[in-house]
Amino acid sequence: MIEAKGLSKLYGPFRALDKVSFQVKRGEVVGFLGPNGAGKSTTMRILTCFISATGGTAKVHGVDVFDDPLEVRRKIGYLPQRAPLYGEMTVWDYLQFTSDMRGLDPSTFKSRMKRIVEVCGLAKVLGKDIRQLSHGYRQRVGLGQALVHDPPILILDEPTSDLDPNEKAEVIRYIQEIGKDRTVLLSTHNLAEVEAACARAIIVSKGRVVADGPLSDIRAKSGTVRYLVTIHEQKLYEGSEAYRAGSTRRPPSSDEVSEALGALPGVQRVRELPTDDKAHAFELSGALGGDLREAIFQLVVQKGWLLLEMRRESQTLEDVFKALTRGDERADRGRPLLAEDDDAAAVGGAAAGAAALASAADEDEDEDEDEDEDEADEGDDDAAEENGGDDESDGDDENDDDGDDDDADDDAKGKKDGR
Ligand SMILES: Nc1ncnc2c1ncn2[C@@H]1O[C@H](COP(=O)(O)OP(=O)(O)O)[C@@H](O)[C@H]1O
Ligand SMILES: [Mg+2]
């Protein structure tokens, strides 16, 4: 239903898209993920014929966007990042207006409205001026606008940014409903939404596709599993053989535990976690296919340590997302490119995704901060026009093109915490 082949887009000398290729099949709901500035909106604007690509081709419903943009627009419902709503119109008038623009006759409009009101939850606000509506309702009106001509394909550009958590959840519910009988490409940087609404995701970073596939494959992309192990800091297990034999009567130091865990076959990396003062807590990583719990348990028994907690966790989509896209942020912050191993790897962004993943968890604090900033940047839902994106240069990663290569999976080797 959607096919992008080698799409490139230059804004002046700046390369916003670099050979982006992907396909979306009939009936799929695909998450289009990437940090701000990755090229999501640019791609969507090309697919919806608002701007033209500098290179490559795109087809929607089998029709080339360059050859027949009108036909493409008939097949697509598009909710731009800043929805073109008119505050002084009522919801009903606005939807009627978009329907007129689409050339629908009044009776078709009325019958469509029934379904739209139901699918987008608009019954209570049809007579209200759009300017009186909350953000959440405005986005639902935006969805309604995208559905008025009953298109088989929907392209939704960050439909939930700017919404509060309840509104987000609601809009996602409506999108799930809409996705039952349509093909949907949904851009977002909210991973929970992708988990909720999509079976497949495409991750873009700096104008390139860095991952594409079912969510389970993308989660597995990191190639590692995480273990959390917590050992009592002040006590030993007095029933243990080691204790009874008197070979250990002293609780272990964190270095001892760390070293012993790190020496287990299959452990790729050990990192101490902050915890209360009675325990040593560690995060280990090991290969995806393996299970280190038995070895960890046996080590603990043999040493006579008192095990407080052990957990095995698959990598989350969020871990993979961070690892694959975090080169952007590092470069933005002007961190020295070659100062330390981890950084050198991370600056490659996509290129060093898996290597970066090994230390991605260290960045939690930093990156949460960034997300907040990103969200704050996106105010302004009143803008009435689709404007080709001139207002979006909010300083994410423009002008830094540091020539990463695409192979994100090469170096899955873990590294010890570099900070
Ligand atoms: N009209 C424009 N002129 C110059 N640069 C632009 C324009 N639109 C977008 N960009 C830049 O292109 C990059 C990709 O932008 P965009 O597609 O909006 O990213 P996303 O939607 O993923 O946040 C960004 O670095 C952005 O600043
Ligand atoms: Mg965007």
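Details of the structure are given in the entry above.
Just so we're clear, the structure is a prediction, and the values are computed from it rather than from any experiment. (Residues numbered from 1 in each chain as written. Chains lettered and ligands numbered in written order. Predicted model: local features only at pLDDT ≥ 70, side-chain atom pairs only at ≥ 80, totals over all residues. Heavy atoms only, no water.)

A. Focus on the pairing of strand S10 (residues 208-214). Two strands pair when backbone bridges link them, and strand S9 (residues 200-205) and S10 are joined in this way by six bridges, in the antiparallel orientation. Bridge pairing in S10 links Ser-205 to Arg-208. Remark: two residues form the turn of the hairpin made by S9 and S10, two consecutive strands paired antiparallel; Lys-206 in that turn has positive phi of roughly 50 degrees. (Pairing = 2+ DSSP bridges. Helix = DSSP H or I, 4+ residues; strand = E, 2+ residues; numbered from the N terminus.)

B. Representation of the coordination of the magnesium ion (ligand 2) in the model. All of the protein donors around the magnesium ion (ligand 2) are Ser-41 (OG) and Gln-81 (OE1); their distances to the metal are 2.0 to 2.3 Å. With a gap of 40 residues between them, Ser-41 in helix H1 (residues 40-47) and Gln-81 in the loop between strand S6 (76-79) and helix H3 (91-101) connect regions that are remote in the sequence. A single burial state applies to Ser-41 and to Gln-81, both of which are buried. (Donors = N, O, S within 2.8 Å, 3.2 Å for Na, K, Ca; no water. Buried < 20%, exposed > 50% of the residue type's maximum accessible area, 1.4 Å probe, protein only.)

C. Looking closely at the sheet that holds strand S2 (residues 14-24). With antiparallel pairing, the four strands of this open sheet are ordered in space as S2-S1-S4-S5. In the strand order of this sheet, the two ends are held by S2 and strand S5 (63-64), each with one partner.

D. Local environment of the pattern of salt bridges. For the structure on display, the rule yields 23 salt bridges. Glu-28 is the salt-bridge partner of Arg-200, the closest N and O atoms lying 2.8 Å from each other. Taken together, the positions of Arg-200 in strand S9 and Glu-28 in the loop between S2 and strand S3 (29-33) put the pair 172 residues apart, joining distant regions of the chain. Note that Asp-129 and Arg-131 form a salt bridge whose closest N and O atoms lie 3.5 Å from each other. Of the residues examined, Asp-129 reaches a relative accessible area of 19% and is grouped as buried. Counted as one network, the salt bridges with shared partners bring together Arg-226, Arg-269, Arg-271, Glu-283, Glu-309, Arg-311 and Glu-313. (Salt bridge = Lys/Arg side-chain N within 4 Å of Asp/Glu carboxyl O.)

E. Geometry of the nonpolar core. Core analysis: the largest hydrophobic core is formed by 50 residues, its most contacted members being Val-91, Leu-122, Val-141, Leu-143, Leu-156 and Ile-203. With six residues, helix H4 (residues 106-120) is the largest single contributor of residues to this core. The residues touching Ile-203, leaving out its near neighbours within four places in the chain, are Leu-33, Arg-208, Val-209, Val-210, Ala-211, Ile-218, Phe-321, Leu-324 and Thr-325. The next biggest cluster of nonpolar side chains, apart from the first, holds 29 residues, and it includes Met-1, Leu-47, Val-60 and Val-65. (Core = buried A, V, L, I, M, F, W, Y, C linked by side-chain atoms within 4.5 Å. Contact = heavy atoms within 4.5 Å.)

F. Region of the structure containing helix H5 (residues 135-147). Across its 13 residues, H5 extends 19 Å between first and last C-alpha, which sits within 8% of the 18 Å expected from 1.5 Å per residue. Of all 13 residues in H5, twelve are buried; the element is thus mostly enclosed. Gly-136, Tyr-137, Arg-138, Gln-139, Arg-140, Val-141, Gly-142, Leu-143, Gly-144, Gln-145, Ala-146 and Leu-147 are the residues of H5 that are buried. (Expected span 1.5 Å × (residues − 1).)

G. How the structure looks around the side chain of Thr-188. Structurally, Thr-188 is set in strand S8 (residues 183-188). Polar side-chain contacts of Thr-188 include one of 2.7 Å to the backbone nitrogen of Asn-190. Contact partners of Thr-188, with chain neighbours within four places excluded, come to Phe-32, Leu-33, Gly-34, Lys-40, Glu-158, Glu-193 and Val-194. (Polar contact = N/O pair within 3.5 Å; in protein donor to acceptor, adjacent residues only side chain to side chain.)

H. Main features of the packing of H5 against helix H6 (residues 165-179). For the pair H5 and H6, the least separation of the axes is 9 Å and the interaxial angle reads 15 degrees. The orientation of H5 relative to H6 falls into the category roughly parallel. The crossing of H5 and H6 is right-handed. When H5 is examined against H6, the residues His-135, Gly-136, Gln-139, Arg-140, Leu-143 and Leu-147 are found in contact with a partner set consisting of Glu-167, Glu-170, Val-171, Tyr-174, Ile-175 and Ile-178. Here the residues of the contact of H5 with H6 sort into six nonpolar, three polar and three charged. (Axes fitted to C-alpha atoms, helices over the stretch in contact; angles between N-to-C directions. Parallel < 35°, antiparallel > 145°, perpendicular 65-115°, else oblique. Left-handed = near helix turned anticlockwise from the far one by under 90°. Nonpolar A, V, L, I, M, F, W, Y, C, P; charged D, E, K, R; others polar.)

I. A look at the sheet that holds strand S13 (residues 279-287). Taking strand neighbours across the sheet as the criterion, the four strands line up as S12-S13-S11-S14 in an open arrangement whose pairing is antiparallel. Strands at the two margins of the open sheet, each flanked by one partner only, are strand S12 (267-273) and strand S14 (305-314). Within this sheet the neighbouring strands show an average axis-to-axis angle of 20 degrees, counted without direction. Alignment of strand S11 (residues 224-236) against S13, held across nine bridges, turns out to be antiparallel. The partner of Arg-226 across the bridge, within S13, is Ser-285. Strands S11, S13 and S14 of the sheet are contacted by helix H11 (residues 293-303), whose axis makes an angle of about 170 degrees with S14.

J. View of H11. All of the buried residues in H11 are Ile-296, Leu-299 and Val-300. Viewed end-on, H11 has its buried residues packed into an arc of 95 degrees, placing them on one side of the element. In H11, the exposed positions that point more than 90 degrees away from the buried face belong to Glu-294 and Gln-302. Looking at the packing, one finds that the buried side of H11 touches S11, helix H10 (254-262), S13 and S14. A positive phi of about 75 degrees marks Gly-304, the residue just after H11. (Arc of directions from axis to C-beta.)

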